[in-house]
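Coordinate analysis (summary)
Residue strings, one per chain:
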Amino acid sequence: MSSYKTRKLKNIIASLLALGCVLVALVPLISILYEVIARGAPAISIEFLTQRTKSAGEPGSGIGNAIVGSLLLVGYASMMGLPLGILTGIFVSEYGNNSFGRTIRFFNDVMANFPSIVVGLFAYSLIVTVTGFSLISGSFALAIIMIPIVASTTEEALKMVPNSLREAALALGVPQWRTVLKVILSNGRAGLVTGALLAVARVAGETAPLILTAFGNPFWSTSPYEPVAALPLTIFRNAMSPYRDLQEQAWGAALVLIALVLTLNVTVRILTMNRMTNRHKAVKRTWTTLRSSQRT
Amino acid sequence: MATGVLILLWLLVAKLIIDSQESIFHFGTSFLTNTRWDPTRELYTALPFIFGTLITSAIAMLIGVPLSIGIAIYLSELAPPWVREPLSFVVELLAAVPSVIYGLWAMYTLRPVLVGVIEPALISLLGWTPLFEGAAFGIDKFAAGVVLAIMIIPTVASVSKETLRAVPDSQREAALSLGATRYETTRIAVLSYARSGIFGAAILGLGRAVGETMAVTMTIGNANMISWSLLDPGQTMASVIANNWGEASGLLLSSLIEIGLVLFFVALIVNVIARLMVGRVLKAVPMTGGGL
């Protein structure tokens with residue numbers, strides 16, 4: 001048995017080590033935010049935000065087409081992914097208290113953690129082989145990534161609705177589908193909104209599936225059947241290029257993208273802050289982190 | 001409607017198998033055992049990329065998991081209550097950063113640090129092992145592993161923290177009342193109790209590291225070969241797909257899809273194991289209206 005003093009010392013060393021781990025983890029986060037702002041801010045100008053991407057050395061290059069492309073991709077993806085995800089969530093929460101529901105929930109969670117490049121491959125072989133690289137195939141890939149996120153946040157939001165409300169509606173003779181539609185959904189609305197925001201934040205930063213589907217486009221394009229530019233693609237291509245001016249544009253685009261994604265994330269945290277007890281909140285947040293972490 | 005999830009999953013597997021048929025019939029099992037990737041002779045294989053994925057994920061786990069456990073212990077056992085919430089939030093923000101931005105940051109900010117400080121130190125310390133042969137270049141398997149380590153921290157740390165919080169207080173009280181220090185309490189009463197949950201958290205992190213594409217593609221150097229030195233460039237299953245996509249057609253395209261299929265099954269197995277382990281631990285927490 002070691003003496004009291006050495007045990008005390010070990011205790012202090014271990015505590016400092018644990019604190020050290022936290023500080024080490026904060027270094028990259030702070031460094032990323034600092035670098036993106038410091039290197040990205042000088043690139044930002046009205047021209048940069050409104051002009052299309054031009055080749056290296058050409059003046060007046062911008063990311064306007066990439067911003068529009070990203071909005072279109074995420075917009076179309078939301079139109080496909082949100083309804084499917086919400087319906088899946090409703091089913092699992094309201095009708096899923098059986099082995100079938102549990103199976104769906106299980107695979108939903110597995111899918112939420114899936115490599116997005118595999119989803120990109122799927123979208124490629126299903127859609128790109130027909131239409132060629134296109135906006136619609138990119139949105140399809142993003143929609144598939146959205147579904148599990150939206151489904152699980154919807155499910156959790158609906159589980160928060162007290163059972164007495166369900167019982168009250170059913171006792172009045174309201175059929176179950178109407179109960180779900182009028183009572184449960186309107187009470188869980190806030191949860192649905194946060195789920196949708198999280199899913200949008202997650203897919204806005206996706207890059208890998210877009211390389212395989214939307215492909216990128218230096219020109220303005222809004223056609224669903226043409227390749228389209230996107231912010232993450234612009235960052236990737238410019239970062240890998242040997243030209244200094246393109247690299248600077250990559251940082252500018254990174255600043256725009258990170259501002260968008262972090263704003264959405266912080267909004268979600270603020271929205272969910274007061275809804276639950278602490279313990280509940282912590283567990284839920286853990287799941288939320290799991291499902292919504294960027295994974296391209 | 002809900003069956004959509006299952007149908008999608010099945011369709012995904014079926015479609016990938018159909019599209020990689022050409023390569024499956026052409027190479028058979030040699031696709032998984034052949035070590036040479038030679039596009040000029042139309043010789044394709046998945047082995048160098050399986051190797052690259054394993055190596056980079058291993059580095060990520062070796063660096064990321066101990067750090068995450070330290071973070072989890074601090075946040076769950078040691079931190080004063082008022083820093084717990086904000087600090088957890090900040091650590092979890094790491095998960096919100098898009099991976100292409102991690103890649104950008106690693107290329108321009110992390111690389112000079114690796115080349116200037118960390119890799120020379122590793123070479124002088126461990127240069128005699130085959131793992132650290134070569135020069136410090138900063139675009140290699142080690143760099144990719146370091147970025148992956150950072151990227152798995154929020155996942156592993158937050159799930160580990162929750163499993164530690166799920167340890168009943170009576171465990172801690174028993175150890176403390178026997179005169180154990182905080183550190184001894186954590187080691188004896190808390191960590192051993194939460195071992196399986198922390199293991200599950202680490203596997204979840206592995207699942208993330210295996211499928212990560214962009215940050216790896218931008219840092220690993222893209223060399224289609226097997227080499228044991230961590231300071232040599234390499235390629236993972238995900239990055240080879242991303243890198244060769246634009247100009248791929250015919251047999252190469254079909255081979256890339258088969259690599260994607262291999263990645264799919266690896267990710268599926270890892271994620272199912274992780275979900276089973278983590279789900280069991282986190283489900284013990286009471287939620288209104290049923291489990292998670």
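Thresholds, definitions, all that
- Residues numbered from 1 in each chain as written.
- Chains lettered and ligands numbered in written order.
- Predicted model: local features only at pLDDT ≥ 70, side-chain atom pairs only at ≥ 80, totals over all residues.
- Helix = DSSP H or I, 4+ residues; strand = E, 2+ residues; numbered from the N terminus.
- Buried ≥ 20, exposed ≤ 12 C-beta atoms within 10 Å, placed from the backbone.
- Contact = placed C-beta atoms within 7 Å.
- Domains from an automatic or database assignment.
- Nonpolar A, V, L, I, M, F, W, Y, C, P; charged D, E, K, R; others polar.
- Expected span 1.5 Å × (residues − 1).
- Arc of directions from axis to C-beta.
- Core = buried A, V, L, I, M, F, W, Y, C linked by C-beta atoms within 7 Å.
- pLDDT = per-residue confidence, 0-100.
- Axes fitted to C-alpha atoms, helices over the stretch in contact; angles between N-to-C directions.
- Parallel < 35°, antiparallel > 145°, perpendicular 65-115°, else oblique.
- Left-handed = near helix turned anticlockwise from the far one by under 90°.

On to the overall build of chain B, then. Helix and strand content of chain B: 13 helices and zero strands. Taken from the N to the C terminus, the helices and strands of chain B come in the order α-α-α-α-α-α-α-α-α-α-α-α-α. Viewed in the frame of its principal axes, chain B has a C-alpha envelope of about 70 × 55 × 30 Å. Looking at chain B as a whole, 51% of its 292 residues are labelled buried.

When helices and strands are tallied, chain A shows 13 helices and zero strands. Taken from the N to the C terminus, the helices and strands of chain A come in the order α-α-α-α-α-α-α-α-α-α-α-α-α. Overall, the C-alpha framework of chain A stretches about 70 × 70 × 35 Å when taken along its three principal axes. Summarising the internal contacts of chain A: among those between residues at least 6 apart in sequence, 74% fall at separations of at least 24.

Right, let's talk about the domain arrangement of chain A for a bit. Residues and elements named next belong to chain A. Considered domain by domain, chain A is made up of domain 1 (1-42) and domain 2 (44-292). Across the contact, five residues belong to domain 1 and six residues belong to domain 2. Each residue belonging to the side of domain 1 that touches domain 2 can be placed in one class, and the counts come to three nonpolar, one polar and one charged.

Contacts between the two partners involve 76 residues from chain A and, on the opposite side, 76 residues from chain B. Per-class residue counts for the side of chain A that touches chain B are 51 nonpolar, 17 polar and eight charged.

Turning our attention to helix 1 (residues 3-19) of chain B. Residues and elements named next belong to chain B. For helix 1, spanning 17 residues, the distance from its first C-alpha to its last is 24 Å, which sits close to the expected 24 Å at 1.5 Å a residue. Residues of helix 1 that are buried: Val5, Leu12, Leu16 and Asp19. In a view along the axis of helix 1, the buried residues occupy a sector of 75 degrees, so they form one face of it. Structural note: helix 1 exposes Ile7, Trp10, Ala14 and Ile18 on the side pointing more than 90 degrees away from its buried face.

What follows concerns the nonpolar core. Core analysis: the biggest nonpolar cluster contains 173 residues, and Met146, Ile235 and Ala254 of chain A together with Ile71, Ile101, Val147 and Leu148 of chain B have the highest contact counts within it. Composition of this core by domain shows at least three residues from each of domain 1 (1-42) and domain 2 (44-292) of chain A. With residues near it in sequence (within four places) discarded, Ile71 of chain B still touches Cys21, Val22 and Ala25 of chain A together with Val91 and Ala157 of chain B.

Residues and elements named next belong to chain B. In this model, Glu42 sits at a positive phi of 55 degrees, which is unusual for a non-glycine residue. Summarising the element assignment, Glu42 is placed in the loop between helix 3 (30-33) and helix 4 (47-78). Overall, Glu42 belongs to the exposed group, with 11 C-beta atoms counted inside 10 Å. Here the phi dihedral of Asn222 falls at roughly 55 degrees; this positive angle occurs in a residue that is not glycine. Structurally, Asn222 can be placed in the loop between helix 11 (214-219) and helix 12 (237-244).

Within the fold, Tyr193 of chain B resides in the loop between helix 9 (182-191) and helix 10 (195-211). Once residues lying within four places of it in the same chain are set aside, the contact partners of Tyr193 of chain B are Val167 and Gln171 of chain B.

Attention now goes to the confidence of the model for chain B. All names here are of chain B. Mean pLDDT over chain B: 88, with 95% of residues reaching 70 or higher. Throughout residues 284-292 the model reports pLDDT below 50, and contacts reaching past four residues in sequence, or to other chains, amount to 15 contacts. Predicted complex, confidence summary: ipTM 0.89, pTM 0.90.

To continue, consider the environment of Arg166 of chain A. Residue and element names in this part refer to chain A. Within the fold, Arg166 resides in helix 7 (residues 163-171). Residue Arg166 is classed as buried on the basis of its C-beta count, with 20 C-beta atoms lying within 10 Å. Linking Arg166 and Ile136, residues 30 residues apart in sequence, is a C-alpha distance of 39 Å. Excluding residues within four positions of it along the chain, Arg166 makes contact with Thr179 and Ile184.

Residues and elements named next belong to chain A. With their axes 8 Å apart at the nearest point, helix 4 (residues 99-112) and helix 6 (residues 135-159) run at an angle of 130 degrees to one another. Put simply, helix 4 runs oblique to helix 6. Remark: the crossing between helix 4 and helix 6 carries left-handed chirality. In this structure, helix 4 uses Asn108, Asp109, Met111 and Ala112 to contact helix 6, whose residues at the interface are Pro148, Ile149, Ala151 and Ser152. Of the residues that constitute the contact of helix 4 with helix 6, the class distribution is five nonpolar, two polar and one charged.

Quick look at the environment of Leu206 of chain B now. All names here are of chain B. Relative to the elements of secondary structure, Leu206 occurs in helix 10. Put simply, Leu206 and Gln21 are 185 residues apart on the chain and 29 Å apart in space, counted from C-alpha to C-alpha. Apart from the residues lying within four places of it in its own chain, the contact partners of Leu206 are Ser57, Met61 and Val270.

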